[in-house]
Amino acid sequence: MSDHEFMSHFDDAVRIDADEEPTNIDETTLAEMRELAGRYPDSRSALLPMLHLVQSVDGRVSDAGVRACAEILGISTAQVNGVATFYTMYKRRPGGRQHIGVCTTALCAVLGGDILLDHVEKKLGISEGETTPDGMFSLERLECNAACDFAPVMMVNWEFMDNMTPDKAEQLLDDLAEGKPVRSTRGATITSWREAERVLAGFDDGRADEGPSAGEPSLRGLTYAREHGWTAPAEPAPGPEGQEA
């Protein structure tokens, strides 16, 4: 690679892979995809959840899944592939049972995100964008997760693991590998990436109320305001013809 050549972290991850591998999509899955399409006034709006559903059964956005989405929504496979390769949450290669993400953006990086990612890579013996040979873990470098007050942040199947350190990450990975119960810092008990993808597709797993609604650092400003009697300004009374007075 030359000194001026741009290196992308996404090229390998998004390349379309129409390899005709066996699919787990069956009539039940197709019926659920039609159900998703029926939830929207414009059925093509269901494409995002439908792709998550494909991942929940095939472990990736399979070529069979692309064709099924296109047929049900009445759009081309090129349009489906355009969406599937645009958003990084959609994977064109099989993910692990546990999908690990490490944020290395801005504050997470300042507080050790890159060191954390390097440690996880060495622990798992893979680089970002890869899956362990046994299929247990896949690893991703994440962009900002809007959790700067809990930096550095890792995710397991899109569930937050806050204020991480290399030692805490090592214990987390050991627990997951051994099948021990692992609870997200501010979310549900960890299940699997495929099960999480089914929830993102819009099918309730009954665990929405697990975990706190917000962590203490996120509420610190509200707590401080209440301690000092601060309140939001009152809404101004409307003036003539709905204008503010």
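A quick note: this is a predicted structure, and the numbers were derived from the prediction, not measured.

Moving on, we come to the packing of helix H2 (residues 27–37) against helix H4 (residues 63–73). Contact geometry for H2 and H4: axes closest at 10 Å, N-to-C directions at 45°. What the angle tells us is that H2 and H4 run oblique. Here the hand of the crossing between H2 and H4 comes out right-handed. Between H2 and H4, the contacting residues are Leu30, Met33, Arg34 and Ala37 on the first element and Gly65, Ala68, Cys69, Ile72 and Leu73 on the second. Its residues placed into classes, the contact of H2 with H4 shows seven nonpolar, one polar and one charged.

Okay, the domain arrangement of the protein chain next. Domains assigned within the protein chain are domain 1 (8–94) and domain 2 (98–192). Computed from C-alpha atoms alone, the centre-to-centre distance between domain 1 and domain 2 is 25 Å. Facing five residues of domain 1, the contacting portion of domain 2 comprises six residues. In this assembly, domain 1 packs against domain 2 so that about 450 Å² is buried in total across both faces, 55% of it on carbon and sulfur atoms.

With respect to the helices and strands, the residue Met136 is situated in the loop between helix H7 (113–124) and strand S2 (137–142). As a C-alpha pair, Met136 and Leu124 span 12 residues in sequence and 9.7 Å in three-dimensional space.

On to the UniProt feature "binding site: [2Fe-2S] cluster" (unreviewed entry) in the protein chain, then. The UniProt entry lists Cys103, Cys108, Cys144 and Cys148 under the feature "binding site: [2Fe-2S] cluster" (unreviewed entry), expressed in the numbering used here. The largest pairwise C-alpha distance within this set of annotated residues, which runs over 46 residues, is 9.9 Å, so the set is compact in three dimensions. Mapped onto the elements, Cys108 comes out in helix H6 (residues 106–110). Since its relative accessible area comes to 4%, Cys108 is described here as buried. Note on placement: Cys148 falls in the loop between S2 and strand S3 (154–156).

Applying the stated rule across the entire model yields 16 salt bridges. Here Glu35 and Arg39 are joined by a salt bridge, their closest N and O atoms 2.9 Å apart. On the basis of relative accessible area, Glu35 is assigned to the partly exposed category, the value being 41%. A single salt-bridge network, built from bridges that share partners, covers Arg183, Asp205, Arg207 and Glu210.

Of note, the bond from Ala151 into Pro152 is cis; its omega dihedral lies within 30 degrees of zero at -5°. Along the chain, Pro152 falls in the loop between S2 and S3. One non-glycine residue, Ala146, lies in the positive phi region at around 55°. With respect to the secondary-structure elements, Ala146 resides in the loop between S2 and S3. A residue is classified by how much of its surface remains accessible, and Ala146, at 70% relative accessible area, is exposed. One non-glycine residue with positive phi stands out, namely Asn163, at about 50°. As for its position among the elements, Asn163 is in the loop between strand S4 (159–161) and helix H8 (166–177). Under the relative-accessibility criterion, Asn163 is labelled partly exposed at 36%.

Cut-off values and rules
Residues numbered from 1 in each chain as written. Predicted model: local features only at pLDDT ≥ 70, side-chain atom pairs only at ≥ 80, totals over all residues. Heavy atoms only, no water. Axes fitted to C-alpha atoms, helices over the stretch in contact; angles between N-to-C directions. Helix = DSSP H or I, 4+ residues; strand = E, 2+ residues; numbered from the N terminus. Parallel < 35°, antiparallel > 145°, perpendicular 65-115°, else oblique. Left-handed = near helix turned anticlockwise from the far one by under 90°. Contact = heavy atoms within 4.5 Å. Nonpolar A, V, L, I, M, F, W, Y, C, P; charged D, E, K, R; others polar. Domains from an automatic or database assignment. Buried area = accessible area lost by both parts, 1.4 Å probe. UniProt positions renumbered as here; feature names shortened; annotations may be inferred. Buried < 20%, exposed > 50% of the residue type's maximum accessible area, 1.4 Å probe, protein only. Salt bridge = Lys/Arg side-chain N within 4 Å of Asp/Glu carboxyl O.

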